[in-house]
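One-letter residues, chain by chain:
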Amino acid sequence: MGNAGWGLGNRGQSAPLGLALVFAVMIISTTAVVALGADAITSTQTQLDVERTEKSLTELNSKTALVALGQTDVQQVSLPASSSSTYRINEDAGWMNVSYQNTTSGNRTTVFNESMGEVAYHGSDETRLAYQGGGVWRSTSDGTSVMVSPPEFHYRDATLTLPLVTVSGSGAIRDGASISHNRTKSYFPNSTRNENFTNPLEEKRVNITVRSEYYRAWGRYFEERTDGEVTFHDSSNMVSIVLKVPAGPRKVRNAVAATSGSGSIKMSGNGAFTDSYSSGDGDGYTAIEAGNGGNLSTAGDVIITGGATLNGNITSGGRVEFSSNSMTYTGKKVEWADTFEDSKGKCNPSPPACSDEQIDSFDGPQNINSHVTTTVDGLQSSNDNAGTIAGDGVIDGTEGTTTLSAGRYHVDKIDLSNDVELDTTGGDVIIGVEDYVDIDAHTIEVSGPNEVKIYVRGANAVSKGGSDYHFFSEDGDILTTGGVSENSSQVWIYGQDHMQARVEKGSSDAKVTGVIYAPGGDAGSSRFEIRQSDFYGGVVTSEVELEQQGSVHFDQTLQQRRTIPKDTSVVAITYLHISTNDVNITSN
């Protein structure tokens, strides 16, 4: 009985206990559902608020642009907010600085430094949206920011158009805003503000810095829309961009190239001569194997006088003039943009067939000033000079040893008083030169299999015969003594667009192997002259003159080689159109 009673009593208590457990589970489940549902509703509501705000600020962006850029005086825009959100105006939020640096002197000039201001949405969560600088941006609590619509910033074909929109005003906005125009300031071009604020730019490196809560999104926009060099400064919420365009796949394709439309190529003396060879065949230059690839190319004119011999074609962005009965032309084509004067009939349609054709004018490659400057500056700050013949800042060959091995060096000048050897057995020999290279009557011997690269800033020149030069050889030689003689692709001499170079005979012929690459673009004054001497390789300057018995033998192997590294960028921004356009925004 007792055992049965205990059993019946346990069963009697299990039903109420089970019912209580059921109710408890139901209450907990209902609470969870309500809580989760509330969170979902809140999340959905927040998302809808964000989407509505993006549309509202995009409309604000559109209407503000109309006012800022002078298409209308006043605009109204609806900016609906919820009970937990608001819009605020802050005219001090963020700033932009535009400046440029002279790539020769290093001097920096500020174009403007202005606060951008913003109209920002403050919602119930950590998401923040804002109109700033003519664009709409979104950021979250983790610091991530994205662009919703782009700012007024346009960079194309080396031209920057920047009508920066700035915001004035303060306080909260409820329901709607009124937008009115305050003022427009023209900064560039503007010679009244600064006599140097004129287009086109020359030797300038343009820098733009933005400080903003949305700096990461600004930076990504710069990366996508320009070929500039973008740097993020996370500790200060800033991003900066240096405007550049890629140098492109530059190659030396002709014996002589003149890049300036106002310059020319002149073969002006008896015995002036071009032909071609290939160091790639392993035996250097031999006259018996020389070819007719000694081509000339220039954005300007080609003028051939006297008893010159041109074994190659001509491409001219200006006029071509054959004015001598004693000249020899073995090329097959003359391309010209303006006129072709051939009164002596040197381009003869009978064998060997020669034809002429009118073409459009063209521009030569832009200068590499910034590339040369940056490289020389880098070699100045970090080099291997110590304990070498470059240790005193001058390579002259007067030290006990006259050999410079693989490494990176910086000197004021190369001014030889003795022969020197540049030994590339262990790698490239790279030399940054502040002033000039004067071989005089001595020899630079390039040994080993690798390259010699000499970057000449040309801050000062050497005076010879009443003229100033940044590269000069009188009876002096540059010889390659590795596996192949006249291996021009081993020796690269880079210069800025004012570089002056001359190779000439004093008591004996000078023989220089390599490439002189100092394109001048449209406005440069770089120049190469050669007289009674031989140059093996290729030349690119603003203008060129082959005087009496001055010969250029083009190494066709250069057609397969880049003149500068693939990832090198050069400053080629030419025009700036910069203004600030301030608007006043108030709550309706």
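Presented here is an overview of the structure given in this document. (Residues numbered from 1 in each chain as written. Predicted model: local features only at pLDDT ≥ 70, side-chain atom pairs only at ≥ 80, totals over all residues. Heavy atoms only, no water.)

### Let's talk about the environment of Glu 289
(1) Moving on: Relative to the helices and strands, Glu 289 resides in the loop between β19 (273-277) and β20 (296-298).
(2) Moving on: Not counting the four nearest positions on each side in its chain, Glu 289 is found in contact with Asp 281 and Asp 283. (Helix = DSSP H or I, 4+ residues; strand = E, 2+ residues; numbered from the N terminus. Contact = heavy atoms within 4.5 Å.)

### Some points on unusual backbone geometry
(1) Moving on: With an omega of 0 degrees, the peptide bond between Phe 188 and Pro 189 qualifies as cis.
(2) Moving on: Not every positive phi belongs to a glycine, and Asn 237 is a case in point at roughly 55 degrees.
(3) Moving on: Along the polypeptide, Asn 237 turns up in the loop between β14 (229-233) and β15 (238-242).

### Considerations on the side chain of Asp 435
(1) Moving on: By the secondary structure assignment, Asp 435 is in the loop between β34 (429-433) and β35 (437-440).
(2) Moving on: For the buried Asp 435, no salt bridge is present, and the opposite-charge side chain at shortest range is Lys 413, 6.4 Å distant.
(3) Moving on: At 3.1 Å, the side chain of Asp 435 and the side chain of Asn 460 are in polar contact.
(4) Moving on: Contact partners of Asp 435, with chain neighbours within four places excluded, come to Asp 412, Lys 413, Val 456, Gly 458, Ala 459, Asn 460 and His 470. (Buried < 20%, exposed > 50% of the residue type's maximum accessible area, 1.4 Å probe, protein only. Lys, Arg positive; Asp, Glu negative; His and termini not counted. Salt bridge = Lys/Arg side-chain N within 4 Å of Asp/Glu carboxyl O. Polar contact = N/O pair within 3.5 Å; in protein donor to acceptor, adjacent residues only side chain to side chain.)

### Description of helix α3 (residues 369-381)
(1) Moving on: The first and last C-alpha atoms of α3 sit 18 Å apart over 13 residues, in line with the 18 Å expected at 1.5 Å per residue.
(2) Moving on: Listing the buried residues of α3 in full gives Asn 369, Ser 370, His 371, Val 372, Thr 373, Thr 375, Val 376 and Leu 379. (Expected span 1.5 Å × (residues − 1).)

### Quick notes on the sheet that holds strand β5 (residues 118-122)
Strand pairing within a sheet occurs via backbone hydrogen bonds; the two strands may be parallel or antiparallel.
(1) Moving on: Taken in spatial order, the six strands make up an open sheet running β8-β7-β6-β5-β2-β11, and their pairing is antiparallel. Each edge of the sheet is formed by a strand with only one pairing partner; in this case those strands are β8 (145-149) and β11 (170-173). Averaged over all neighbouring strand pairs, the angle between strand axes comes to 20 degrees, with direction disregarded.
(2) Moving on: As paired strands, strand β7 (residues 135-139) and β8 are joined by four bridges and run antiparallel to one another. (Pairing = 2+ DSSP bridges. Axes fitted to C-alpha atoms, helices over the stretch in contact; angles between N-to-C directions.)

### Let's talk about the environment of Val 503
(1) Moving on: Locating Val 503 in the fold gives a position in strand β43 (residues 500-504).
(2) Moving on: Judged by its relative accessible area of 0%, Val 503 falls in the buried class.
(3) Moving on: Each C-alpha atom of the pair Val 503 and Phe 471 lies 8.2 Å from the other, and the pair is 32 residues apart in sequence.

### Considerations on the sheet that holds strand β4 (residues 108-115)
(1) Moving on: Spatially, the five strands line up as an open sheet ordered β4-β3-β13-β15-β14, and their pairing is antiparallel. Because the sheet does not close on itself, it has two edges, and the strands there are β4 and β14. The sheet shows a mean angle of 15 degrees between the axes of neighbouring strands, taken without regard to direction.
(2) Moving on: Note: β14 against β15, five bridges, orientation antiparallel. Its bridge partner lying in β15, Thr 231 is registered against Ser 240.
(3) Moving on: Docked against the sheet, helix α2 (residues 215-225) engages β3 (95-102), β13 (204-211), β14 and β15, running at close to 170 degrees with respect to β14.

### Quick look at the environment of Thr 64
(1) Moving on: Looking at where Thr 64 falls in the secondary structure, it is placed in helix α1 (residues 2-68).
(2) Moving on: For Thr 64, the residues in contact, after removing those within four places along its chain, are Tyr 131, Val 165, Ile 179, Val 583 and Ile 585.
(3) Moving on: Separated by 2.7 Å, the side chain of Thr 64 and the backbone oxygen of Leu 60 make a polar contact.

### Concerning the pairing of strand β26 (residues 333-336)
(1) Moving on: As defined by bridge partners, strand β23 (residues 314-316) adjoins β26 across two bridges and the pair is classed as parallel. If you follow Ile 314 over to β26, its bridge partner there is Val 334.

### Let's talk about the pattern of salt bridges
(1) Moving on: Counted under the stated rule, the structure contains 21 salt bridges.
(2) Moving on: Note that Arg 319 and Glu 321 form a salt bridge whose closest N and O atoms lie 2.6 Å from each other.
(3) Moving on: Judged by its relative accessible area of 26%, Arg 319 falls in the partly exposed class.
(4) Moving on: Among the ionic pairs, Lys 511 bridges to Glu 486, the shortest N-O distance being 2.7 Å. In this pair, Lys 511 sits in strand β44 (residues 511-517) while Glu 486 sits in the loop between β41 (477-480) and β42 (491-495), placing the two residues 25 residues apart along the sequence.
(5) Moving on: Relative accessible area serves as the criterion here: at 27%, Lys 511 is assigned to the partly exposed category.

### With respect to the pairing of β44
(1) Moving on: With six of its seven residues buried, β44 lies for the most part within the structure.
(2) Moving on: Bridging between β41 and β44 involves two bridges; their strand directions are parallel. Looking at the pairing, Ile 478 lines up with Val 512 of β44.
(3) Moving on: By the bridge criterion, three bridges tie β42 to β44 in an arrangement that is parallel. When the sheet's bridge partners are listed, Tyr 494 is paired in β44 with Tyr 517.
(4) Moving on: Pairing analysis gives seven bridges linking β44 to strand β46 (residues 533-541), with the strands arranged parallel. Residue pairing in the sheet places Val 515 in a bridge with Gly 538 of β46.

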